[in-house]
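# Close look at the chain arrangement
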Amino acid sequence: MLKRDGLRLKWKSHISIAKAIAASIGFPKDLEKEFVQGSIEPDKRPDRVVGVSGRGRVYVARAPHHKPSLSIVMKHVWDARISYLNNDSAGSVRSLGRALHYVQDSCVSKGFLGLSHGSREEDLLSQMVSLEFIEAGFKEAVCSPHYVKDTIRSVKPSTDSKEIMRQACLYSAAITKAVLGEKKPSTKLLEDYETAKERYRRRTIPISTGISLAILLASITAFILLHLESWQLALLLTTSISAGYLTQKLDHKYHYLKEEAKWFTTK
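Everything numeric in this text was worked out from a predicted model, so none of it was measured. (Residues numbered from 1 in each chain as written. Predicted model: local features only at pLDDT ≥ 70, side-chain atom pairs only at ≥ 80, totals over all residues. Heavy atoms only, no water.)

## Topic: the overall build of the chain
- Looking only at helices and strands, the chain has eleven helices and two strands in total.
- Every one of the 267 residues in the chain was classed for burial, and the buried ones make up 43%.
- Of the contacts made within the chain by residues no fewer than 6 positions apart, 75% connect residues no fewer than 24 positions apart. (Helix = DSSP H or I, 4+ residues; strand = E, 2+ residues; numbered from the N terminus. Buried < 20%, exposed > 50% of the residue type's maximum accessible area, 1.4 Å probe, protein only. Contact = heavy atoms within 4.5 Å.)

## What to know about the environment of lysine 188
- Relative to the helices and strands, lysine 188 is located in helix H9 (residues 187-225).
- Polar side-chain contacts of lysine 188 include one of 2.7 Å to the side chain of aspartate 192. (Polar contact = N/O pair within 3.5 Å; in protein donor to acceptor, adjacent residues only side chain to side chain.)

## A short note on H9
- Under the 1.5 Å per step criterion, the end-to-end length of H9 is 55 Å for 39 residues, consistent within 8% with the ideal 57 Å.
- Where H9 bends most, at tyrosine 200, the angle is about 40°.
- Leu189, Tyr193, Ala196, Tyr200, Thr204, Ser208, Ser212, Ser219 and Ala222 are the residues of H9 that are buried.
- Elements that come into contact with the buried residues of H9 comprise helix H10 (230-249) and helix H11 (252-262).
- Phi for histidine 227, located one or two positions after H9, is positive at around 55°. (Expected span 1.5 Å × (residues − 1). Bend = angle between axes of the 7 residues up to and from the residue.)

## Some thoughts on the state of the cysteines
- In total, this model carries zero disulfides according to the counting rule given.
- Here cysteine 107 is not disulfide-linked; the sulfur of cysteine 169 is the nearest cysteine sulfur, at 8.9 Å. (Disulfide = S-S within 2.5 Å.)

## What about the pattern of salt bridges?
- Following the criterion strictly, the structure yields 15 salt bridges and no others.
- Aspartate 79 serves as the salt-bridge partner of lysine 75, at 3.1 Å between the closest nitrogen and oxygen. Taken as a pair, lysine 75 and aspartate 79 lie in helix H3 (residues 70-85) at a separation of four residues, close to a single helical turn.
- What makes lysine 75 partly exposed here is its relative accessible area of 47%. (Salt bridge = Lys/Arg side-chain N within 4 Å of Asp/Glu carboxyl O.)

## Considering the packing of H3 against helix H4 (residues 89-105)
- It is the contact of H3 with H4, at a shortest axis distance of 7 Å, that shows an interaxial angle of 160°. With respect to H4, the axis of H3 lies roughly antiparallel. In the packing of H3 onto H4, the handedness of the crossing is left-handed. Across the interface between the two elements, Ile72, Val73, His76, Val77, Asp79, Ala80, Ser83 and Tyr84 from H3 touch Gly91, Ser92, Ser95, Leu96, Arg98, Ala99, Tyr102 and Val103 from H4. (Axes fitted to C-alpha atoms, helices over the stretch in contact; angles between N-to-C directions. Parallel < 35°, antiparallel > 145°, perpendicular 65-115°, else oblique. Left-handed = near helix turned anticlockwise from the far one by under 90°.)

## Structural notes on the nonpolar core
- Within the largest apolar cluster, 54 residues are counted, with the highest numbers of intra-cluster contacts made by Phe35, Val77, Leu96, Val148, Ile175, Val179 and Trp263.
- Among the elements that take part in this core, helix H8 (residues 161-179) stands out by supplying eleven residues, more than any other.
- Once residues within four sequence positions are removed from consideration, tryptophan 263 is found in contact with Val77, Trp78, Arg81, Leu85, Cys143, Ser144, Pro145, Val148, Ala178 and Val179. (Core = buried A, V, L, I, M, F, W, Y, C linked by side-chain atoms within 4.5 Å.)

## What about the packing of aromatic side chains?
- Counted under the stated rule, the structure contains four aromatic pairs.
- Ring geometry for phenylalanine 27 against phenylalanine 35: centres 5.6 Å apart, planes inclined by 85°, an arrangement best described as edge-to-face. By the burial criterion, phenylalanine 27 is buried, and phenylalanine 35 matches it.
- Ring centres of tyrosine 193 and tyrosine 254 lie 6.3 Å apart, and the angle between their planes is 20°; on these two criteria the pair is classed as stacked. Taken together, the residues span a long stretch of sequence, with tyrosine 193 in helix H9 and tyrosine 254 in helix H11 at a distance of 61 residues.
- In this structure an aromatic cluster arises from ring pairing among Tyr193, Tyr200 and Tyr254. (Phe/Tyr/Trp six-rings, centres within 6.5 Å; stacked < 30°, edge-to-face > 60°.)

## Some details on helix H6 (residues 131-140)
- Among the residues of H6, those classed as buried are Ile134, Gly137 and Phe138. All buried residues of H6 fall inside an arc of 100° around its axis, so they share one side. Relative to its buried face, H6 has exposed residues pointing more than 90 degrees away, namely Glu132 and Lys139. (Arc of directions from axis to C-beta.)

## Some points on the packing of helix H2 (residues 29-44) against H4
- Taken N-terminus to C-terminus, the directions of H2 and H4 make an angle of 40°; their axes are 7 Å apart at the nearest point. On the basis of their axis angle, the class for H2 and H4 is oblique. Crossing of H2 over H4 shows right-handed handedness. Residue-level inspection shows Leu31, Glu34, Phe35, Gln37, Gly38, Ser39, Ile40, Glu41, Pro42 and Asp43 of H2 in contact with H4, the latter providing Ser89, Ala90, Val93, Arg94, Leu96, Gly97, Arg98, Leu100, His101 and Tyr102.
- Across the contact of H2 with H4, the residue classes tally to nine nonpolar, six polar and five charged. (Nonpolar A, V, L, I, M, F, W, Y, C, P; charged D, E, K, R; others polar.)

Here's what the structure looks like:
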C-alpha cells in the first residue's frame, strides 16, 4: 500500500506540470487528457532497452528514468512531431507527454520524486508548478530537433527541490513549443539545405567513394601479393566501407540541415 502511494505522488507532479502547460497553450479538454496520460505512461508501460552484462550476456531491461537515453527521448519527440504534422493532435501530445516524463525525471538524479522517503520528498511535492518558467520556456523555444536535443542535454540533475521544479517546467515548456511549432520550414532553411545537398552530391559522395575504392583496391592487391588470410581480407574490406561511410559523415553541415528539414516532413 505504501508503495502504491509513492507511485501516486510521483504521478502528481508530472500531471501538474502537464496540466499547467496544457492550460497555458489552451489545449481543449480531450487533448489535455491525452497529454496528461502521456506524461505518466512510461511508469505504466515502460520503454525497454537492450544491454550486455559484464559477463557478455544480452539482456532486456526497463529504460532508466533518471538518466534516460537521448535516443529514447528523441524517439518519442519525433513520434510527437510527425503526428503533429499529420494533424494527429491526440497522438502527438500523448507522445510528447511521454518524452517529457523522461526529461522531468532527469532533473533529479534518483528519478522525479524518486527521492529518499521523508522530508525531501514532501519538500519537492510542496513546490508549486512555476508558470513563470513555463512562459520563459515558451519564449526561448526554437522549432528545431537540434534545439530539442540541446535542451535535453542541458538538464542538470539537482537535489534542490526549487531547482528541480524550475528545470522541469522550463525545459518541458520549451520542448513542447518546439514540437508544436511551425509546420512549414523557412525559405532560408530550404535554400541552405538544397545548397548543402548539391555540394554533398557533387563533392562529398565522390570523395568518400574514392577513398573507399582506393582502400578496396589496396586490400585486394595486398591479398594477392602478400597471401593474406581470408579473415584479413574481410577486415580490410570492412575498413574500406567504414572509411567511405565516415568520410561522408564528416559533412556536418549537410547532415545538420538534413535533420532540420526532416523536422518539417510527415514521414
